[in-house]
Amino acid sequence: MATCSSTSSKIAPSKDALKPSCEHPILSTFDIPTSPVPKTDPYEHLHIAPNLDGTITRLLNVPTVEANPEATHGDAVVCKDLTLNAEKQTWIRIYRPTKLPSNDNTIARLPIIIYFHGGGFILLKASMKQPHQTCSELASEIPAIVVSLDYRLAPEHRLPAQYEDAIDAILWAKQQVMDTNGEQWLKDYGDCSRCYLCGRGCGGNMVFHAALSALDLDLKPLKISGLVLNQPMFGGSERKKSELMSVDDPVLPIQALDLMWELSLPVGTDRDHPFCNPVVEGPHKRKISSLGRCLVTGFSGDAMFDRMQDLVSMLLRSGVKVEARFHDPGFHNVDIVDGQCALTLLNSIKEFVI
């Protein structure tokens, strides 16, 4: 099991700080291939099957967790499911801690975290065990009110559908704090001046693009105070060193990552579309300097590690305040199976939010 050590940089890390704190054993042992050699069936790896109509059948049996709106003995968090958009069949799961902090016998307002789960845009639901556990920990340990979005999946709904769903969730949160009959947990316990967007993998990608779209909206009294991009999913047509080294990666081989993009991007586009590669030129670049504080986390053994470093460099060049927390060695989603890495990431987010 990996042991997490980190390179942490606040506001303006140097070029060296964007690198892991020690050499990755794989990168230092083997020569880097000039091009990936496909060895994995990406459909089989992702447990999906293509259908003739362009949809996919998801074969992975992942446990789900029912909402528990009423606390029972020992529950640190309660949660409930609410419809977001009936036509789009999107919904949210909102979490609150059962032990609410107080100041002078007055319940303290908690930050609001709008969370986007991972799954490469094509897999997982907000009710599945891993996203549910992550949101429960954020709610109890920060503590915070967490709004977890169950968004539409590709290829049935290709990008930018997921970004649109993210904006729906942000506007929903705004509406609740403004409406006298709004959702009680947000109105009674949430601090609308401290709203954070947080996502893992493709959810980190959604954080970035939703935050850019939100710049064009009047969100008052809701204020987005920061962005948390945990192992964000980005790509590009030209291979990066970390991608070339991931051909035989047992967790996320490059062939599987390519397939996720193939199934998610608008038809007829490639991986240099800004949805995938934010470093390319485009209208979105003019807005980046207006983004608020960002926390970017990642692991040096992730196929997308070089992309994460490119993202941080781009944000810094645009004058964005960035905290980069890169850990060595690790791999994509190592925090799901390594408790120490999970705690390290949770503490990073907690420090950023508080």
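Residues numbered from 1 in each chain as written. Predicted model: local features only at pLDDT ≥ 70, side-chain atom pairs only at ≥ 80, totals over all residues. Heavy atoms only, no water.

The chain goes by Alpha/beta hydrolase fold-3 domain-containing protein in an unreviewed UniProt entry, where it is assigned to Hevea brasiliensis. Recorded under Sequence similarities (unreviewed entry), the UniProt text for the chain is reproduced unchanged: "Belongs to the 'GDXG' lipolytic enzyme family." (UniProt positions renumbered as here; feature names shortened; annotations may be inferred.)

Helix and strand content of the chain: 11 helices and 13 strands. A burial count over the chain gives 53% of its 354 residues as buried. Of the contacts formed within the chain by residues at least 6 apart in sequence, a portion of 76% connects residues at least 24 apart. Taken as a whole, the chain presents about 15,800 Å² of accessible surface, with 51% of it coming from carbon and sulfur. (Helix = DSSP H or I, 4+ residues; strand = E, 2+ residues; numbered from the N terminus. Buried < 20%, exposed > 50% of the residue type's maximum accessible area, 1.4 Å probe, protein only. Contact = heavy atoms within 4.5 Å. Areas by Shrake-Rupley, 256 points an atom, 1.4 Å probe, with all protein chains shown as cover.)

Per the counting criterion, the structure on display carries zero disulfides. Not part of a disulfide, cysteine 135 finds its nearest cysteine sulfur in cysteine 198, a span of 7.9 Å. A residue is classified by how much of its surface remains accessible, and cysteine 135, at 0% relative accessible area, is buried. (Disulfide = S-S within 2.5 Å.)

Here we come to the pairing of strand 10 (residues 190–200). Burial within strand 10 is extensive, with eight of its 11 residues counted as buried. Strand direction decides the pairing type here: strand 8 (residues 110–116) and strand 10, joined by seven bridges, are parallel. Its bridge partner being in strand 10, tyrosine 115 is matched across the sheet by cysteine 198. Sheet topology places strand 10 next to strand 11 (residues 224–230); six bridges connect them, and they run parallel. (Pairing = 2+ DSSP bridges.)

Per the stated rule, a full pass over the model turns up 17 salt bridges. Between aspartate 216 and lysine 287 there is a salt bridge, with the nearest N and O atoms lying 2.8 Å from each other. Placement of the pair is aspartate 216 in the loop between helix 6 (202–214) and strand 11 and lysine 287 in the loop between helix 8 (254–264) and strand 12 (293–299), with a sequence separation of 71 residues. For aspartate 216, a relative accessible area of 58% puts it in the exposed group. In this structure lysine 287 comes out as partly exposed when scored by relative accessible area, which is 23%. Overlapping salt bridges bring together Arg152, Glu164 and Asp165 as one network. (Salt bridge = Lys/Arg side-chain N within 4 Å of Asp/Glu carboxyl O.)

At a closest axis distance of 11 Å, the pairing of helix 3 (residues 129–141) and helix 11 (residues 339–353) adopts a crossing angle of 50°. By the criterion of interaxial angle, the relationship of helix 3 to helix 11 is oblique. By crossing handedness, the relation of helix 3 to helix 11 is classed as right-handed. Where helix 3 approaches helix 11, its residues Glu137, Leu138 and Glu141 are matched on the opposing element by Leu346, Ile349 and Lys350. Residue classes in the contact of helix 3 with helix 11 are distributed as three nonpolar, no polar and three charged. (Axes fitted to C-alpha atoms, helices over the stretch in contact; angles between N-to-C directions. Parallel < 35°, antiparallel > 145°, perpendicular 65-115°, else oblique. Left-handed = near helix turned anticlockwise from the far one by under 90°. Nonpolar A, V, L, I, M, F, W, Y, C, P; charged D, E, K, R; others polar.)

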